[in-house]
Amino acid sequence: MTADSHVDSHGAAHTSTGLSNNKLGMWLFLGSECLLFGGLISTYMLYRGRVGEGPRPSQVFDIPFTSVSSFVLLMSSLTMVLAVSAAHKGDDRNTYLWVAVTALLGATFVGGQVYEFTAFYNEGMGFTTSLFSSSFYVLTGFHGVHVTVGIIMLMSTVGIMKRSKVPGSKAETVEMIGLYWHFVDIVWIIIFTLIYLIPA
Amino acid sequence: MTTETHSTTEHGMSNAGYVRIAAILAAITALEVATYYVDLGSLFLPSLLIMMVVKFIIVVSYFMHLKFDNKLFSWVFYAGLILALTVYGIFLATFHFFS
């Protein structure tokens, strides 16, 4: 909560809009993120056929592996929403548990992405091999960085909450991170379909 | 104060409800992957895009609670999304992506 807004015992924010400024700010941020990822996805779509001497997407993509990664990230959205639900009920134990599980699933996804990048590199697809490879690594790399930032936020939140140093509502803090996490998930829903499943 | 002015609204779903939503999302993902291996002909692209949009809307509506939250949040988010779709739709059309 900002200095000029507070949440009363009924959860109502005392702001000019009657809404939490933090939450409104997070939704504005996520709206602006649509433009960032829109640009990266559009650039990839434009360049995915420009493979030059390098491998084609269908030659390097491992659909079964990426499908499992996608499933892991999708399930992390479930554990995140369970963490938010527990936080709203004031159930600290389950909040910590689900936040930690979410971070673990996120780390599994990022680990899978590192493995995938390494495999692609070994198959001759470097960052500068072709326009396709450059736009692919930038898009999926940016997404991976977002997941990593989400993991750091999740783990930091658990640490801060355990020290009871969360300013304002604990539930709202978890909800903010949850919104960010779900956004990262919906971006992957788009990337998985447009980049992996639809052949160039 | 109305419910719409609450910063933390009633989310309207139980944990079992969230698990059901996740099961639906997992099933749609399985169908998406299946389209990669099954020849659907001209239905391949539309079916994949429809499933992608359905998954997107389910996550945004239920996991991100836009369905239950104040409409201003929906406006703020969808405004950014529609702006992105418009700008990059024009961008791709300029480079003859759709032709």
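Residues numbered from 1 in each chain as written. Chains lettered and ligands numbered in written order. Predicted model: local features only at pLDDT ≥ 70, side-chain atom pairs only at ≥ 80, totals over all residues.

Quick question: what am I supposed to make of the overall build of chain A here?
Regarding its fold elements, chain A presents 6 helices and 0 strands. Ordering the α and β elements of chain A from the N terminus gives α-α-α-α-α-α. When the backbone C-alpha atoms are referred to their principal axes, chain A occupies close to 65 × 35 × 25 Å. Scored against the burial criterion, the 200 residues of chain A give a buried share of 44%. Pairs at least 24 apart in sequence give 75% of the contacts found in chain A among residues at least 6 apart. (Helix = DSSP H or I, 4+ residues; strand = E, 2+ residues; numbered from the N terminus. Buried ≥ 20, exposed ≤ 12 C-beta atoms within 10 Å, placed from the backbone. Contact = placed C-beta atoms within 7 Å.)

I'm lost on the overall build of chain B in this one. Help?
Across its full length, chain B carries 3 helices and 0 strands. For chain B, the α and β elements follow one another from N to C terminus as α-α-α. Relative to its 99 residues, chain B shows a buried fraction of 24%. Sequence-distant contacts in chain B: of pairs separated by 6 or more residues, those separated by 24 or more amount to 50%.

Explain helix α5 (residues 131-162) of chain A here, please?
Here α5 of chain A spans 47 Å end to end across 32 residues, near enough to the 46 Å set by a 1.5 Å rise per residue. Residue S164 of chain A follows α5 of chain A closely and has a positive phi angle near 55°. (Expected span 1.5 Å × (residues − 1).)

Help me understand helix α6 (residues 170-197) of chain A, please; the structure alone is not making it clear to me.
It helps to recall that an α-helix has 3.6 residues per turn; residues three or four apart then point in one direction. Residues and elements named next belong to chain A. Here α6 is 28 residues long and its end C-alpha atoms lie 39 Å apart, about the 40 Å a rise of 1.5 Å per residue gives. Residue I191 marks the point of greatest curvature in α6, where the axis turns by about 25°. Counting buried positions over the 28 residues of α6 gives 24, a clear majority of the element. (Bend = angle between axes of the 7 residues up to and from the residue.)

How should the interface of chain A and chain B be read in this particular structure?
When the parts of a complex come together, some accessible area is lost, and that lost area is often taken as the interface size. In this complex, chain A contributes 46 residues to the contact, which on the side of chain B involves 42 residues. Of all the secondary-structure elements, those providing two or more residues to the side of chain A that touches chain B are α1 (21-47), α3 (63-88) and α6 of chain A. At 14 residues, the largest contribution of residues to the side of chain A that touches chain B is made by α1 of chain A. Residue classes in the side of chain A that touches chain B are distributed as 26 nonpolar, 17 polar and 3 charged. (Nonpolar A, V, L, I, M, F, W, Y, C, P; charged D, E, K, R; others polar.)

Explain the nonpolar core here, please?
Core analysis: the largest hydrophobic core is formed by 63 residues, its most contacted members being A83 and Y180 of chain A. Those elements that provide at least two residues to this core are α1, α3, α4 (92-122), α5 and α6 of chain A together with α1 (15-37), α2 (44-63) and α3 (71-94) of chain B. Considering each element in turn, this core owes the most residues, 18 residues, to α6 of chain A. Setting aside anything within four residues of it in sequence, one finds Y180 of chain A in contact with M26, G150 and M153 of chain A. (Core = buried A, V, L, I, M, F, W, Y, C linked by C-beta atoms within 7 Å.)

Whenever I open this one, the environment of E172 of chain A confuses me. Can you help?
Residues and elements named next belong to chain A. With respect to the helices, strands and loops of the structure, E172 is situated in helix α6. E172 sits in the buried class, given 22 other C-beta atoms within 10 Å. Separated by 116 residues in sequence, E172 and R56 place their C-alpha atoms 45 Å apart.

Looking at this structure, how should I read the environment of L74 of chain A?
Structurally, L74 of chain A can be placed in helix α3. We classify L74 of chain A as buried; it has 23 C-beta atoms within 10 Å. Counting along the chain gives 76 residues from L74 of chain A to G150 of chain A, while the straight-line C-alpha distance between them is 14 Å. Sequence-distant contacts of L74 of chain A, defined by excluding residues within four places in its chain, comprise D185 of chain A together with L25, A26 and T29 of chain B.

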